[in-house]
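Descriptive structure summary
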Amino acid sequence: MTIDIATAGVRNVPPASPLSARRSWAVNWNQDWATAQAPAEAAGGSEPVADFTATWELPPRLASTCMARRVTRARLSAWGLPDETIDLAELLVSEVAGNALRHTHGPVLLSLSLADGLLRCEVEDADRNLPRPCDPGPDDERGRGLDMLRQLSCCWGTVPTLTGKVVWFELPENSEF
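On a predicted model such as this, the values are computed, not experimentally measured, just so you know. (Residues numbered from 1 in each chain as written. Predicted model: local features only at pLDDT ≥ 70, side-chain atom pairs only at ≥ 80, totals over all residues. Heavy atoms only, no water.)

Scanning the chain from terminus to terminus reveals 5 helices and 6 strands. Going from N to C terminus, the chain has its helices and strands arranged as α-β-α-β-α-α-β-β-α-β-β. Within the chain, buried positions represent 46% of all 177 residues. Taking the contacts inside the chain whose residues are at least 6 apart along the sequence as the reference set, 67% of them involve residues at least 24 apart. Within the structure as shown, the chain displays about 9,400 Å² of accessible surface, and the carbon and sulfur contribution to it stands at 50%. (Helix = DSSP H or I, 4+ residues; strand = E, 2+ residues; numbered from the N terminus. Buried < 20%, exposed > 50% of the residue type's maximum accessible area, 1.4 Å probe, protein only. Contact = heavy atoms within 4.5 Å. Areas by Shrake-Rupley, 256 points an atom, 1.4 Å probe, with all protein chains shown as cover.)

Looking now at the packing of helix 4 (residues 83-103) against helix 5 (residues 145-152). Two numbers describe how helix 4 lies on helix 5: the axes approach to 10 Å, and their chain directions differ by 150°. Judged by the angle between their axes, helix 4 and helix 5 are roughly antiparallel. The crossing of helix 4 and helix 5 is left-handed. Residues L88, L91, L92, E95 and V96 of helix 4 form the contact with helix 5, whose participating residues are G145, M148, L149 and L152. Residues that form the contact of helix 4 with helix 5 fall into these classes: 7 nonpolar, 1 polar and 1 charged. (Axes fitted to C-alpha atoms, helices over the stretch in contact; angles between N-to-C directions. Parallel < 35°, antiparallel > 145°, perpendicular 65-115°, else oblique. Left-handed = near helix turned anticlockwise from the far one by under 90°. Nonpolar A, V, L, I, M, F, W, Y, C, P; charged D, E, K, R; others polar.)

We now examine the nonpolar core. Judged by nonpolar contacts, the single largest core of 30 residues is most densely connected at L76, W79, L110, L119 and F169. Secondary-structure elements contributing two or more residues to this core are strand 2 (51-58), helix 3 (64-78), helix 4, strand 3 (108-115), strand 4 (118-125), helix 5 and strand 6 (165-172). (Core = buried A, V, L, I, M, F, W, Y, C linked by side-chain atoms within 4.5 Å.)

The sheet contact formed by strand 5 (residues 155-160) and strand 6 spans 6 bridges and is antiparallel. Bridged to G157 within strand 6 is W168. In textbook terms, the turn of a hairpin is the stretch between consecutive antiparallel strands, and for strand 5 and strand 6 this stretch comprises 4 residues. (Pairing = 2+ DSSP bridges.)

With that settled, the discussion passes to the confidence of the model for the chain. When pLDDT is averaged across the chain, the result is 76; 65% of the residues are at 70 or more. Low pLDDT (under 50) marks residues 1-9, which in the prediction has 10 contacts with non-local residues, meaning those over four places away or in another chain. Low pLDDT, under 50, characterises residues 14-43; the predicted model gives this stretch 71 contacts beyond four residues in sequence or across chains. (pLDDT = per-residue confidence, 0-100.)

Per the stated rule, a full pass over the model turns up 1 aromatic pair. Considering the side-chain rings of F52 and W79, the 5.5 Å spacing of their centres and the 70° angle between planes classify their relative orientation as edge-to-face. Placement of the pair is F52 in strand 2 and W79 in the loop between helix 3 and helix 4, with a sequence separation of 27 residues. F52 gets classed as buried once you look at its relative accessible area, which sits at 15%. The positively charged end of R120 is found above the aromatic ring belonging to W168, 4.2 Å away from the centroid. (Phe/Tyr/Trp six-rings, centres within 6.5 Å; stacked < 30°, edge-to-face > 60°. Lys NZ or Arg CZ within 6 Å of the ring centre and 35° of its normal.)

On to helix 3, then. Between its terminal C-alpha atoms helix 3 stretches 21 Å, which fits the 21 Å expected from 15 residues at 1.5 Å a residue. Of all the positions in helix 3, only S64, T65, M67, A68, V71, T72, A74, R75, L76 and A78 are classed as buried. (Expected span 1.5 Å × (residues − 1).)

Structure, rendered in C-alpha cells:
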C-alpha cells in the first residue's frame, strides 16, 4: 500500500528543537518515508541496524488518527519488524495519537525510533495537561487507553515540555500479545 502523505496532510518534520523532550530525532530526507529499506537490507546483511528514526506532523483533526496508524504500519513494515509488533504499535499509536488530537488544538508530532531491539513511539502535543487514569464503567466507550498502555507496552510515560507534553511508550522489537 502506498500512501500519498502530501494529500493526506502528513509531513515529515526536521529534527526536534532544543526545547523538545524528544531524543535527537532525525529524518533522512534522501529516503522516501514509506519505501525506505528495512535495516537489514540497508546494511546489506541479515541483522538489524542499531538505530532508525522518523517523525511526522499530524494535521490537527481527529481523522489524523487513521493517518498515524497508516504511517506507523508503513514505516515499521519498511524497517522489517514482525507483524505482531507492528499490530501492537499501531494499536497503541492510535490510542495515544487519538487522545492528543482529541484534547489539543495545536500541532501533534508522531515519532518512531528503533534502537538496540527497542521500538519507542512518542506523541508530542501542545496540551500541558498530563493524562490521568480514570475508572470507566462497563458501557463507557472511552477511558481505557492508559490501562492499555500499561498492560501492552514494556514501559510508558509522559514528559512535560515547554509547549505541552510528550506521551511515549516502548515495545520490544519482537513483541507478542
